[in-house]
Amino acid sequence: MQRIKGYHAHVYYDAGTMEQARALCEEAATLFGVSMGRMHQKPVGPHPDWSCQLAFGPEMVGVVLPWLALYRKGLVVFLHPLTGDELADHRDHAIWMGAVRPLDLSMFEGA
C-alpha cells in the first residue's frame with residue numbers, strides 16, 4: 001500500500017463566491033493549522049475553476065474532511081492524497097464534495 005504523505009483540499013469558487021471561499025479557507029487555517037494557498041482568480045494546474053488549496057498532514061484528514069463537508073455551504077471541494085503518484089492521486093484517489101468537475105490531467109500523463 002502506498003504511503004499517504006499528506007492531503008490537498010482544493011476549494012473551488014467564482015467571482016460570486018470568492019469571499020465565501022476565502023472565509024472558509026481562512027477558518028480552516030485558523031481552526032486546524034492547515035496551510036492555506038493563494039486565492040487564484042483563474043484556473044491553475046489541472047483545476048478547471050478558480051481555487052484555493054488547503055494542505056495538511058495525513059493525521060488531519062479525519063478532522064478536516066468532515067468539517068469541510070459540513071461547512072462548505074455549496075462550494076465544490078476536491079480532496080486528494082499525496083502519494084507521489086500525481087496522476088493516480090488526482091484521478092483515482094480523489095474525493096469530491098459537490099459537483100464533480102472535469103480536471104485536465106494531461107500534465108500528469110507520462111510523468
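Above: the structure in question.
The model shown is predicted, which means the values in this text are computed figures rather than measured ones. (Residues numbered from 1 in each chain as written. Predicted model: local features only at pLDDT ≥ 70, side-chain atom pairs only at ≥ 80, totals over all residues. Heavy atoms only, no water.)

When you tally the buried positions in strand β4 (residues 77-82), you get 5 out of 6 residues, the bulk of the element. Pairing between strand β1 (residues 6-13) and β4: 6 bridges, direction antiparallel. Across the sheet, the residue bridging to G6 is L82, located in β4. (Buried < 20%, exposed > 50% of the residue type's maximum accessible area, 1.4 Å probe, protein only. Helix = DSSP H or I, 4+ residues; strand = E, 2+ residues; numbered from the N terminus. Pairing = 2+ DSSP bridges.)

Our focus in this paragraph is the sheet that holds strand β2 (residues 35-36). Ordered by their spatial adjacency, 5 strands build an open sheet running β2-β3-β1-β4-β5, and the pairing between neighbours is antiparallel. On the outer flanks of this sheet lie β2 and β5 (95-97), each paired with one strand and no other. Pairing between β1 and strand β3 (residues 50-56): 7 bridges, direction antiparallel. The residue of β3 that forms the bridge with Y12 is S51. Sheet strands touched by helix α1 (residues 18-32): β1, β2 and β3. Its angle to β1, the strand with the most contacts, is close to 155 degrees. Along the sheet, helix α2 (residues 61-71) makes contact with β1, β3, β4 and β5, crossing β5 at roughly 30 degrees. (Contact = heavy atoms within 4.5 Å. Axes fitted to C-alpha atoms, helices over the stretch in contact; angles between N-to-C directions.)

Another aspect to go through is the packing of aromatic side chains. Counting across every chain of the model gives 6 aromatic pairs. Ring geometry for Y13 versus W50: centroids 6.2 Å apart, planes at 75 degrees, classification edge-to-face. Of this pair, Y13 sits in strand β1 while W50 sits in strand β3, and the two are 37 residues apart along the sequence. Residue Y13 is classed as buried on the basis of its relative accessible area of 4%. For W50, a relative accessible area of 22% corresponds to the partly exposed category. By way of ring pairs, the aromatic residues Y12, F78 and W96 are connected into one cluster. (Phe/Tyr/Trp six-rings, centres within 6.5 Å; stacked < 30°, edge-to-face > 60°.)

Look at α1 against α2: their axes get within 12 Å of each other, and the N-to-C directions meet at 145 degrees. The handedness of the crossing between α1 and α2 comes out as right-handed. On α2, the residues touching L24, E27, A28, L31 and F32 of α1 are V63, V64, W67, L68 and Y71. In the contact of α1 with α2, the residues fall into 9 nonpolar, no polar and 1 charged. (Left-handed = near helix turned anticlockwise from the far one by under 90°. Nonpolar A, V, L, I, M, F, W, Y, C, P; charged D, E, K, R; others polar.)

The buried fraction of β1 is high, at 8 of 8 residues. Residues G6, H8, H10 and Y12 line one face of β1 and the alternating positions Y7, A9, V11 and Y13 line the opposite face, and both faces are buried.

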